[in-house]
Amino acid sequence: MTNKLALLSVSDKTGLVDFAKGLVEQSFTIISTGGTKKALADAGVPVKSVSEITGFPEILDGRVKTLHPKIHGGILARRDLDTHLEQMQEHGIGSIELVAVNLYPFAQTVAKPGATLEAAIENIDIGGPTMVRSAAKNFKHVAIVVNPARYDSILAEMQKENGALSEATRFALAVEAFSHTAEYDAMISGWLYRKVEDAPLFSETLVLPFTKVQDLRYGENPQQKAAFYREPNAGAGTVADAKQLHGKELSFNNINDLNAAWELVQEFSEPAAVAVKHANPCGVAVASDIYTAYQGAYDSDPVSIFGGIVAVNRTLDKKTAEKMSQIFLEVIIAPEYEEEALAVLTKKKDVRVLQAPIPVNREQFDVKKVSGGLLVQELDNEMVHSAGWGAVTTAKPTLQQIQDMMFGMKVVKHVKSNAIVLVKNGQTIGIGAGQMNRVGAARIAIEQAGEKAKDSVLASDAFFPFRDTVDEAAKAGVKGIVQPGGSLKDQESTQACNEHGIAMMMTGVRYFKH
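As the structure is a computational prediction, the values presented were derived from the model and not from experiment.

What counts, and at which threshold
- Position labels on residues start from 1 in each chain and follow its written sequence.
- A pLDDT threshold of at least 70 governs which residues receive local features in this predicted model, and a stricter bar of 80 or more applies before side-chain atom pairs are shown or counted, although totals over entire chains, interfaces and linings include all residues.
- Values shown for side chains rest on all heavy atoms present in the structure; no hydrogens or waters enter the calculation.
- Only DSSP runs of H or I covering at least 4 residues are called helices, and only runs of E covering at least 2 are called strands; the numbering of each starts at the N terminus.
- One less than the residue count of a helix, multiplied by 1.5 Å, gives the span that helix is expected to have.
- In this scheme, a residue with accessible area under 20% of its type's maximum is buried, one over 50% is exposed, and one in between is partly exposed, where area comes from a 1.4 Å probe on protein chains only.
- We call two residues in contact when some of their heavy atoms are within 4.5 Å.
- Under the rule applied, a polar contact is a pair of N or O atoms within 3.5 Å (in protein, one hydrogen donor and one hydrogen acceptor; residues adjacent in sequence only if both atoms are side-chain atoms).
- Each nonpolar core is a collection of buried residues, namely Ala, Val, Leu, Ile, Met, Phe, Trp, Tyr and Cys, held together in the definition by side-chain atoms within 4.5 Å.
- Between any two strands, pairing holds if DSSP finds at least two bridges.
- Angles shown run from 0 to 180 degrees and are taken between the N-to-C directions of axes, each axis being a line fitted to C-alpha atoms and, for helices, limited to the stretch in contact.
- Throughout, the arc means the angular range of directions from the helix axis out to the C-beta atoms.
- Centre distance within 6.5 Å is the pairing criterion for rings of Phe, Tyr and Trp, where only the six-membered ring of Trp is used; planes under 30 degrees apart are then read as stacked, over 60 as edge-to-face, and the remainder as tilted.
- Any angle from 65 to 115 degrees is called roughly perpendicular, while one under 35 is roughly parallel, one over 145 is roughly antiparallel, and all others are oblique.
- Crossing chirality is assigned from the near helix's rotation relative to the far helix, an anticlockwise turn below a right angle marking it left-handed and a clockwise turn marking it right-handed.
- Three classes are used: nonpolar for Ala, Val, Leu, Ile, Met, Phe, Trp, Tyr, Cys and Pro, charged for Asp, Glu, Lys and Arg, and polar for all others, with Gly counted as polar.

A. The arrangement of helix α16 (residues 438–449) in detail. Look at α16: 17 Å from first C-alpha to last across 12 residues, which is about the 16 Å you get at 1.5 Å a residue. Taken residue by residue, α16 has R438, V439, G440, A441, A442, A445, I446 and A449 as its buried positions. On the buried face of α16, the contacting elements are β17 (420–423), β18 (428–432), β19 (457–460) and α17 (468–476). The N-cap residue of α16 is N437: its side-chain oxygen and the backbone nitrogen of G440 are 2.6 Å apart.

B. Spotlight on the nonpolar core. Counting residues in hydrophobic clusters, the biggest one holds 43 residues, and the most contacted among them are L258, F268, I333, W389 and M409. Looking at which element gives the most residues to this core, the answer is helix α11 (residues 252–265), with seven residues. In this structure L258 touches V239, L250, I309, V331, I333 and L354, once residues within four positions along its chain are discounted. By size, the runner-up hydrophobic cluster in this structure holds 30 residues, among which are I75, I96, V132 and A177.

C. Molecular detail of the sheet that holds strand β10 (residues 280–286). On the basis of which strands lie adjacent, the open sheet formed by six strands has the order β8-β13-β12-β11-β9-β10 and mixed pairing. Each edge of the open sheet carries a strand with a single partner, namely β8 (243–246) and β10. Neighbour-to-neighbour, the strand axes of the sheet open up by a mean angle of 20°, direction not taken into account. Summarising the sheet, β8 and strand β13 (residues 352–355) pair through three bridges and their orientation is antiparallel. Counterpart to H246 in the pairing with β13 is V353.

D. Summary view of the sheet that holds strand β1 (residues 4–10). Ordered by their spatial adjacency, five strands build an open sheet running β3-β2-β1-β4-β5, and the pairing between neighbours is parallel. With one partner strand each, in any of the chains shown, β3 (47–49) and β5 (143–145) form the two edges of the open sheet. If you compare each strand with its neighbour and ignore which way they point, the axes differ by 25° on average. In this sheet, β3 lies alongside strand β2 (residues 28–32) in parallel orientation, the contact comprising three bridges. Bridged to S32 within β3 is S49. Here helix α1 (residues 16–25) sits on the sheet and contacts β1, β2 and β4 (95–102); the angle it forms with β1, its principal contact strand, is near 175°. Lying over the sheet, helix α10 (residues 167–193) contacts β4 and β5, oriented at roughly 45° with respect to β5.

E. Highlighting the pairing of β1. Counted residue by residue, β1 has seven buried out of seven residues, so it is predominantly covered. Where burial is concerned, the two faces of β1 agree: the one with K4, A6, L8 and V10 and the one with L5, L7 and S9 are both buried. Note: β1 against β4, seven bridges, orientation parallel. Bridge pairing in β4 places S9 opposite V101.

F. Local environment of α1. Of the positions making up α1, those classed as buried are L16, F19, A20, G22 and L23. Taken end-on, α1 shows its buried residues confined to a sector of 160°, consistent with a single buried face. Residues of α1 that are exposed and point more than 90 degrees away from the buried face comprise D18 and E25. Next to the buried residues of α1 lie β1, β2, α2 (34–42), β4 and α9 (151–160). Following α1 by one or two positions, S27 adopts a phi angle in the positive range, close to 75°.

G. A look at the side chain of T181. Position of T181 relative to the elements: it lies in helix α10. With a relative accessible area of 1%, T181 lands in the buried category. Sequence-distant contacts of T181, that is, excluding residues within four places in its chain, are made with P129, V132 and R133.

H. Highlighting the environment of N253. Counting through the fold element by element, N253 comes out in helix α11. The exposure class of N253 is partly exposed, given its relative accessible area of 29%. Taking the C-alpha atoms as reference points, N253 and G163, separated by 90 residues in sequence, lie 45 Å from one another. Discounting chain neighbours no more than four positions away, the residues touching N253 are G219 and E220.

I. Local environment of the packing of aromatic side chains. Applying the stated rule across the entire model yields six aromatic pairs. A ring pair is formed by F268 and F407, whose centres lie 5.4 Å apart and whose planes are at 35°; its orientation type is tilted. Residue F268 is found in the loop between α11 and β9 (272–277), and its partner F407 is found in helix α15 (residues 399–412); the two are separated by 139 residues along the sequence. With a relative accessible area of 6%, F268 lands in the buried category.

J. Structural context of the packing of α1 against α9. Relative to each other, α1 and α9 sit at 10°, their axes nearing to 10 Å. Judged by the angle between their axes, α1 and α9 are roughly parallel. Both α1 and α9 take part in a crossing whose hand is left-handed. Of the residues in α9, those in contact with L16, D18, F19, G22 and L23 of α1 are Y151, I154, L155 and M158. Residues belonging to the contact of α1 with α9 are distributed by class as follows: seven nonpolar, one polar and one charged.

Taken by themselves, the reported measurements are silent on function.
This is the structure in structure tokens:
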């Protein structure tokens, strides 16, 4: 087996030298370019430059190296067609049997702070994707390798099959190659689109490049297969970017619940703790320190927090870790951990411990899959504030009630609709989530709060269509209500509050979450 060419031109040089040496052992002649050729030559691997094959130098500062008939002819020629073989012989084109290419690091370039358009453009690979697509198209005769993790298995198969690779292997490599170039183009088009002046928020074509992090044991239920994918350059502080410090692998439901807890805890500037169960908060509290905040979140619903996910927005200390360890928690996430706290938590083998910084920039879009399409919207990242709020009742809220109203709206924003949250002194005491009618959600929250409902504040994610929610709140002793307003029957709810001596504020901002 002679005169087989392997073209290697890679940005990621992981495993490159050993792979090239293995190919030489399989009677390949290695051809290469630029930095790849230098790395191979420095390691003592016999290698020819592409220019030696083409008889044409690299030009335009390296922009044109492999775009030549002697390269693409050697890749694209069908070995089962005599006319192709005759033309190869006529033009002195060698047979390139394997192409190993991965592309200029565009994603890494644009991820750097202050990345310029000029730098991005210079890191758009042209020759690389062209060779990848050419080799992938001709997979029946050529192997295309874009992933260094494949090197060992490829060499192992060659050693077993006298230097050959099966068509099934070549086809699988081609599919991976087309995915590689598709992801690459999607990253480029997405980044450049954001540079277009006055471009619409939502582009006419949406291409979402994601890379699989891992297969999951199953999905929401054991009969469903599942996987977790990461967006390229997911920002620091995202769930996808979080570092797992301890515990077994996260499940589908763990990741979904973890995201809900992490998104909610970011609403607060003061020390806060959030407990989530089945994607809804079951306990939330703020305090002057994280231990007291966690205690408040626990006390909000000591039944539901068992087996839940807890997020805090401050360094987790030993005292709080010891308190958390008194019950079973699935996941804990914090921006930092004291060493003594980690020592406590890692004694429990079943708890998963994650670390992520509070993000500076929150994500921009929310995407939901529906049958045959996607729903895409801006994430509601605007922080809850009282500007524009107005008291519409005779009774006016106290400073403490206004603080609890703010707190309540931050929480209800992250509760599935219809949603009602009861709050007292910076702590949830009752949460009604995901109900088909608003008064039903209120009754659930009130029942959960029990005697604690007296003198509390009620927050609603949307307006009251009738006065019945106010009447139910009054029976429980609620003294303050905050809601968006906007119902045709707002005046009825206002009148009910006046009858019961309840202070009510309207915000003008709705927080549906489905």
